[in-house]
Amino acid sequence: MRILITAGPTREPIDPVRYISNRSSGRMGYALASAAASRGHRVVLISGPVALAEPPGVRVVQVTTAREMQAAVRLWFDRSDALIMAAAVADWRVRAVSRQKLKKRSGTPVLRLVRNPDILKGAGRCKAGRLVVGFAAETSRVIAEARRKLADKRLDLMVANDVSRADSGFDVDTNQATLLGIDGSIERLPLMTKRALAKRIVERVEQLRQSRQSRRGALTARCRRQSR
Ligand code: C5P
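The paragraphs below set out a description of the structure included in this document. (Residues numbered from 1 in each chain as written. Predicted model: local features only at pLDDT ≥ 70, side-chain atom pairs only at ≥ 80, totals over all residues. Heavy atoms only, no water.)

Here we take up the environment of arginine 165. Topologically, arginine 165 is positioned in the loop between strand S10 (157-162) and strand S11 (174-175). Expressed as a C-alpha distance, the spacing of arginine 165 and leucine 189, which sit 24 residues apart in the sequence, is 15 Å. Excluding anything up to four places from it in sequence, arginine 165 contacts Gln176 and Leu191. Engagement of the side chain of arginine 165 in a polar contact is seen with the side chain of aspartate 167, the distance being 2.9 Å. (Helix = DSSP H or I, 4+ residues; strand = E, 2+ residues; numbered from the N terminus. Contact = heavy atoms within 4.5 Å. Polar contact = N/O pair within 3.5 Å; in protein donor to acceptor, adjacent residues only side chain to side chain.)

Moving on, we come to the packing of aromatic side chains. The description of an aromatic ring pair uses the distance of the two centres, along with the angle that the planes make with each other. Taken as a whole, this structure holds 0 aromatic pairs when the rule is applied. Above the face of the tyrosine 19 ring, arginine 11 is positioned so that its terminal group lies 4.2 Å from the ring centre. In this arrangement the basic side chain of arginine 79 is found over the ring face of tryptophan 76, its NZ or CZ atom lying 4.5 Å from the centre. (Phe/Tyr/Trp six-rings, centres within 6.5 Å; stacked < 30°, edge-to-face > 60°. Lys NZ or Arg CZ within 6 Å of the ring centre and 35° of its normal.)

Taken together, the side chains of Arg125, Arg154, Arg222, Arg224 and Arg225 present a region of like positive charge at the surface. Here the positive patch takes 3 residues from helix H6 (residues 221-226), the largest share from any one element. Position of arginine 154 among the secondary structure elements: in the loop between helix H4 (142-152) and S10. (Patch = residues over 30% accessible without salt bridge, like charges linked within 9 Å, V, L, I, M, F, W, Y side chains within 5 Å. Areas by Shrake-Rupley, 256 points an atom, 1.4 Å probe, with all protein chains shown as cover. Salt bridge = Lys/Arg side-chain N within 4 Å of Asp/Glu carboxyl O. Lys, Arg positive; Asp, Glu negative; His and termini not counted. Charge placed at Lys NZ, Arg CZ, Asp CG, Glu CD.)

On to the state of the cysteines, then. Under the definition given, this model contains 1 disulfide. Here cysteine 126 connects covalently by a disulfide to cysteine 223, the sulfurs 1.9 Å from one another. Negative torsions about the S-S bond denote left-handed disulfides, and the value of about -85° found for cysteine 126 with cysteine 223 makes this one left-handed. A residue pair is termed long-range when its members are at least 10 positions apart, and cysteine 126 in the loop between helix H3 (119-125) and strand S9 (131-138) and cysteine 223 in helix H6 qualify at 97 residues. Cysteine 126 gets classed as buried once you look at its relative accessible area, which sits at 8%. Residue class for cysteine 223 comes out buried when judged on its relative accessible area of 5%. (Disulfide = S-S within 2.5 Å. Buried < 20%, exposed > 50% of the residue type's maximum accessible area, 1.4 Å probe, protein only.)

A water-sized probe, rolled over the atoms, reveals where empty space remains. Its volume calculated, the largest pocket comes out at about 960 Å³. Lining the largest pocket are 42 residues, and of these Ala87, Ala88, Val89, Phe135 and Ala137 lie nearest its centre. Looking at the lining of the largest pocket, the elements that each hand over two or more residues are helix H1 (27-38), strand S8 (113-115), H3, S9, H4 and S10. Element by element, the count of residues in the lining of the largest pocket is highest for S9, at 4 residues. For the lining of the largest pocket, the residue count by class is 19 nonpolar, 11 polar and 12 charged. (1 Å grid on protein atoms, 1.4 Å probe; cavity = no way out; pocket = protein on both sides within 12 Å on 5 of 7 lines; lining within 4 Å. Points joined across faces, edges and corners; volume = space filled by probe spheres on them. Nonpolar A, V, L, I, M, F, W, Y, C, P; charged D, E, K, R; others polar.)

Any link to function would need more than the numbers given here.
In C-alpha coordinates:
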(Lines give C-alpha, C1' and ligand atoms only; values in the text may rest on other atoms or scores of the structure.)
Protein backbone atom coordinates (compact mmCIF):
# COMPACT_ATOMS: atom_id res chain seq x y z
CA MET A 1 0.00 0.00 0.00
CA ARG A 2 0.97 3.62 -0.35
CA ILE A 3 0.49 5.15 3.07
CA LEU A 4 0.51 8.86 3.83
CA ILE A 5 1.24 9.74 7.46
CA THR A 6 1.35 13.11 9.23
CA ALA A 7 3.28 13.74 12.43
CA GLY A 8 4.28 16.36 14.94
CA PRO A 9 2.86 19.74 15.79
CA THR A 10 2.32 22.63 13.45
CA ARG A 11 3.82 25.99 14.28
CA GLU A 12 1.84 29.16 13.69
CA PRO A 13 3.93 32.33 13.56
CA ILE A 14 3.22 35.44 15.60
CA ASP A 15 6.18 37.43 14.25
CA PRO A 16 9.57 36.42 12.76
CA VAL A 17 10.80 34.97 16.08
CA ARG A 18 7.68 33.80 17.95
CA TYR A 19 5.02 31.18 17.35
CA ILE A 20 2.05 29.26 18.79
CA SER A 21 2.37 25.48 18.90
CA ASN A 22 1.61 22.46 21.09
CA ARG A 23 3.30 19.65 23.00
CA SER A 24 3.36 17.05 20.23
CA SER A 25 6.79 15.40 19.91
CA GLY A 26 5.98 13.59 16.66
CA ARG A 27 6.87 10.22 18.18
CA MET A 28 3.57 8.53 17.35
CA GLY A 29 3.62 9.58 13.70
CA TYR A 30 7.29 8.65 13.28
CA ALA A 31 6.64 5.26 14.89
CA LEU A 32 3.76 4.75 12.42
CA ALA A 33 6.00 5.63 9.48
CA SER A 34 8.70 3.19 10.66
CA ALA A 35 6.17 0.42 11.29
CA ALA A 36 4.52 0.88 7.90
CA ALA A 37 7.87 1.00 6.04
CA SER A 38 9.16 -2.10 7.81
CA ARG A 39 5.98 -3.94 6.79
CA GLY A 40 6.78 -3.20 3.16
CA HIS A 41 4.53 -0.20 2.50
CA ARG A 42 5.56 2.89 0.53
CA VAL A 43 5.42 5.68 3.05
CA VAL A 44 5.33 9.45 2.73
CA LEU A 45 5.64 11.22 6.08
CA ILE A 46 4.53 14.84 6.28
CA SER A 47 6.19 16.22 9.38
CA GLY A 48 5.84 19.37 11.41
CA PRO A 49 8.92 20.64 13.27
CA VAL A 50 10.23 17.85 15.53
CA ALA A 51 13.57 16.74 16.96
CA LEU A 52 13.51 13.19 15.57
CA ALA A 53 15.68 11.43 12.98
CA GLU A 54 14.03 10.66 9.64
CA PRO A 55 12.92 7.01 9.60
CA PRO A 56 14.88 4.95 7.03
CA GLY A 57 13.05 4.04 3.85
CA VAL A 58 10.48 6.84 4.27
CA ARG A 59 10.05 9.92 2.10
CA VAL A 60 9.81 12.86 4.50
CA VAL A 61 8.16 16.17 3.59
CA GLN A 62 8.90 18.91 6.12
CA VAL A 63 6.28 21.57 6.81
CA THR A 64 5.80 24.23 9.46
CA THR A 65 2.26 25.63 9.49
CA ALA A 66 -1.16 23.94 9.28
CA ARG A 67 -1.75 25.47 5.88
CA GLU A 68 1.53 24.07 4.60
CA MET A 69 0.57 20.67 5.99
CA GLN A 70 -2.81 20.92 4.27
CA ALA A 71 -1.16 21.71 0.93
CA ALA A 72 1.22 18.74 1.30
CA VAL A 73 -1.60 16.36 2.30
CA ARG A 74 -3.69 17.49 -0.66
CA LEU A 75 -0.79 16.87 -3.00
CA TRP A 76 0.02 13.35 -1.72
CA PHE A 77 -3.47 12.08 -0.79
CA ASP A 78 -4.37 11.58 -4.43
CA ARG A 79 -1.48 9.09 -4.77
CA SER A 80 -2.12 7.26 -1.48
CA ASP A 81 -4.26 4.28 -0.47
CA ALA A 82 -4.46 5.34 3.18
CA LEU A 83 -3.95 8.49 5.25
CA ILE A 84 -3.06 8.29 8.94
CA MET A 85 -3.31 11.74 10.46
CA ALA A 86 -1.26 11.63 13.66
CA ALA A 87 -0.20 15.28 13.54
CA ALA A 88 -1.39 17.66 16.25
CA VAL A 89 -2.50 20.39 13.90
CA ALA A 90 -2.86 23.78 15.60
CA ASP A 91 -6.54 24.65 15.59
CA TRP A 92 -5.87 28.38 15.29
CA ARG A 93 -3.34 30.65 13.66
CA VAL A 94 -2.62 34.33 14.22
CA ARG A 95 -4.71 36.42 11.88
CA ALA A 96 -2.20 39.17 11.17
CA VAL A 97 1.39 37.91 11.45
CA SER A 98 3.74 40.80 12.16
CA ARG A 99 6.56 41.20 9.65
CA GLN A 100 8.71 42.84 12.30
CA LYS A 101 9.54 41.47 15.74
CA LEU A 102 6.94 42.83 18.18
CA LYS A 103 8.58 45.21 20.61
CA LYS A 104 7.84 45.24 24.34
CA ARG A 105 7.89 48.99 24.38
CA SER A 106 4.95 49.04 21.95
CA GLY A 107 2.75 47.53 24.67
CA THR A 108 1.33 44.07 25.29
CA PRO A 109 -0.13 42.74 22.04
CA VAL A 110 -3.59 41.19 21.79
CA LEU A 111 -3.47 38.29 19.35
CA ARG A 112 -6.48 37.77 17.14
CA LEU A 113 -6.73 34.10 16.12
CA VAL A 114 -8.53 32.48 13.20
CA ARG A 115 -9.45 28.82 12.69
CA ASN A 116 -7.09 26.63 10.71
CA PRO A 117 -8.57 24.25 8.15
CA ASP A 118 -9.49 20.77 9.42
CA ILE A 119 -7.18 18.77 7.15
CA LEU A 120 -8.56 15.39 8.16
CA LYS A 121 -12.17 16.40 7.64
CA GLY A 122 -11.31 17.64 4.16
CA ALA A 123 -9.64 14.32 3.35
CA GLY A 124 -12.58 12.33 4.77
CA ARG A 125 -14.94 14.12 2.41
CA CYS A 126 -12.75 13.43 -0.60
CA LYS A 127 -11.52 9.92 0.07
CA ALA A 128 -12.95 7.91 -2.86
CA GLY A 129 -12.01 4.48 -1.47
CA ARG A 130 -8.91 5.61 0.41
CA LEU A 131 -8.71 4.61 4.07
CA VAL A 132 -8.62 7.51 6.48
CA VAL A 133 -7.45 7.19 10.09
CA GLY A 134 -7.55 9.91 12.73
CA PHE A 135 -6.40 10.46 16.28
CA ALA A 136 -8.46 11.93 19.08
CA ALA A 137 -6.41 13.27 21.98
CA GLU A 138 -8.97 13.94 24.67
CA THR A 139 -8.98 14.82 28.34
CA SER A 140 -12.61 13.88 29.13
CA ARG A 141 -15.41 11.73 27.66
CA VAL A 142 -12.66 10.15 25.56
CA ILE A 143 -14.64 7.44 23.76
CA ALA A 144 -17.78 9.50 23.19
CA GLU A 145 -15.78 12.39 21.73
CA ALA A 146 -13.71 10.06 19.56
CA ARG A 147 -16.86 8.41 18.22
CA ARG A 148 -18.38 11.74 17.36
CA LYS A 149 -15.24 12.78 15.47
CA LEU A 150 -15.05 9.39 13.69
CA ALA A 151 -18.48 10.05 12.16
CA ASP A 152 -18.08 13.80 11.68
CA LYS A 153 -14.77 13.45 9.81
CA ARG A 154 -15.96 10.37 7.87
CA LEU A 155 -13.06 8.22 9.04
CA ASP A 156 -12.58 4.46 8.79
CA LEU A 157 -10.69 4.16 12.06
CA MET A 158 -10.15 6.45 15.04
CA VAL A 159 -7.37 6.09 17.60
CA ALA A 160 -8.66 7.53 20.87
CA ASN A 161 -6.33 8.36 23.69
CA ASP A 162 -6.63 10.01 27.05
CA VAL A 163 -3.95 12.68 27.17
CA SER A 164 -4.70 13.63 30.77
CA ARG A 165 -2.71 10.54 31.87
CA ALA A 166 1.00 11.19 32.49
CA ASP A 167 1.96 7.92 30.76
CA SER A 168 -0.11 8.41 27.61
CA GLY A 169 -0.21 10.83 24.73
CA PHE A 170 1.99 13.88 24.40
CA ASP A 171 5.75 13.73 24.76
CA VAL A 172 6.08 10.23 26.26
CA ASP A 173 7.10 6.92 24.71
CA THR A 174 3.95 5.05 25.71
CA ASN A 175 0.30 5.33 24.84
CA GLN A 176 -2.95 3.80 25.99
CA ALA A 177 -5.34 3.80 23.08
CA THR A 178 -8.71 2.48 22.01
CA LEU A 179 -9.30 1.77 18.33
CA LEU A 180 -12.81 2.61 17.15
CA GLY A 181 -13.93 1.28 13.77
CA ILE A 182 -16.67 2.79 11.63
CA ASP A 183 -18.30 -0.67 11.79
CA GLY A 184 -18.86 -0.07 15.54
CA SER A 185 -15.90 -2.20 16.68
CA ILE A 186 -14.02 -1.20 19.82
CA GLU A 187 -10.52 -2.51 20.57
CA ARG A 188 -9.24 -1.31 23.94
CA LEU A 189 -5.49 -1.76 23.99
CA PRO A 190 -3.31 -1.88 27.10
CA LEU A 191 -0.64 0.73 27.85
CA MET A 192 2.10 0.00 25.33
CA THR A 193 5.02 1.62 23.57
CA LYS A 194 4.20 3.89 20.65
CA ARG A 195 6.19 1.48 18.52
CA ALA A 196 3.91 -1.43 19.47
CA LEU A 197 0.80 0.69 19.05
CA ALA A 198 2.01 1.84 15.63
CA LYS A 199 2.38 -1.76 14.49
CA ARG A 200 -1.16 -2.55 15.69
CA ILE A 201 -2.61 0.45 13.84
CA VAL A 202 -0.84 -0.47 10.61
CA GLU A 203 -2.12 -4.06 10.95
CA ARG A 204 -5.66 -2.73 11.33
CA VAL A 205 -5.26 -0.62 8.20
CA GLU A 206 -4.02 -3.70 6.32
CA GLN A 207 -7.03 -5.70 7.57
CA LEU A 208 -9.46 -2.96 6.57
CA ARG A 209 -7.98 -2.85 3.12
CA GLN A 210 -8.21 -6.64 2.76
CA SER A 211 -11.71 -7.01 4.14
CA ARG A 212 -13.14 -4.25 2.02
CA GLN A 213 -10.94 -4.75 -0.97
CA SER A 214 -11.26 -1.00 -1.14
CA ARG A 215 -9.31 0.38 -4.02
CA ARG A 216 -8.79 4.02 -4.45
CA GLY A 217 -10.84 5.62 -7.18
CA ALA A 218 -10.32 8.88 -8.96
CA LEU A 219 -10.96 11.94 -6.85
CA THR A 220 -13.97 13.98 -7.88
CA ALA A 221 -13.40 17.18 -9.83
CA ARG A 222 -13.98 19.25 -6.69
CA CYS A 223 -11.43 17.25 -4.70
CA ARG A 224 -8.93 17.37 -7.54
CA ARG A 225 -9.26 21.12 -7.66
CA GLN A 226 -8.56 21.20 -3.93
CA SER A 227 -5.44 19.12 -4.30
CA ARG A 228 -3.76 21.55 -6.66
O1 C5P B 1 -10.90 17.71 16.08
P2 C5P B 1 -9.61 17.23 16.63
O3 C5P B 1 -8.49 18.22 16.49
O4 C5P B 1 -9.65 16.66 18.00
O5 C5P B 1 -9.26 15.98 15.69
C6 C5P B 1 -8.08 15.30 15.78
C7 C5P B 1 -7.76 14.67 14.46
O8 C5P B 1 -7.97 15.60 13.40
C9 C5P B 1 -6.30 14.28 14.35
O10 C5P B 1 -6.20 13.12 13.57
C11 C5P B 1 -5.67 15.50 13.70
O12 C5P B 1 -4.50 15.14 13.00
C13 C5P B 1 -6.76 15.98 12.78
N14 C5P B 1 -6.81 17.44 12.59
C15 C5P B 1 -6.64 17.99 11.33
N16 C5P B 1 -6.71 19.35 11.14
C17 C5P B 1 -6.99 20.16 12.18
C18 C5P B 1 -7.19 19.62 13.46
C19 C5P B 1 -7.09 18.26 13.63
O20 C5P B 1 -6.39 17.23 10.39
N21 C5P B 1 -7.06 21.47 11.99
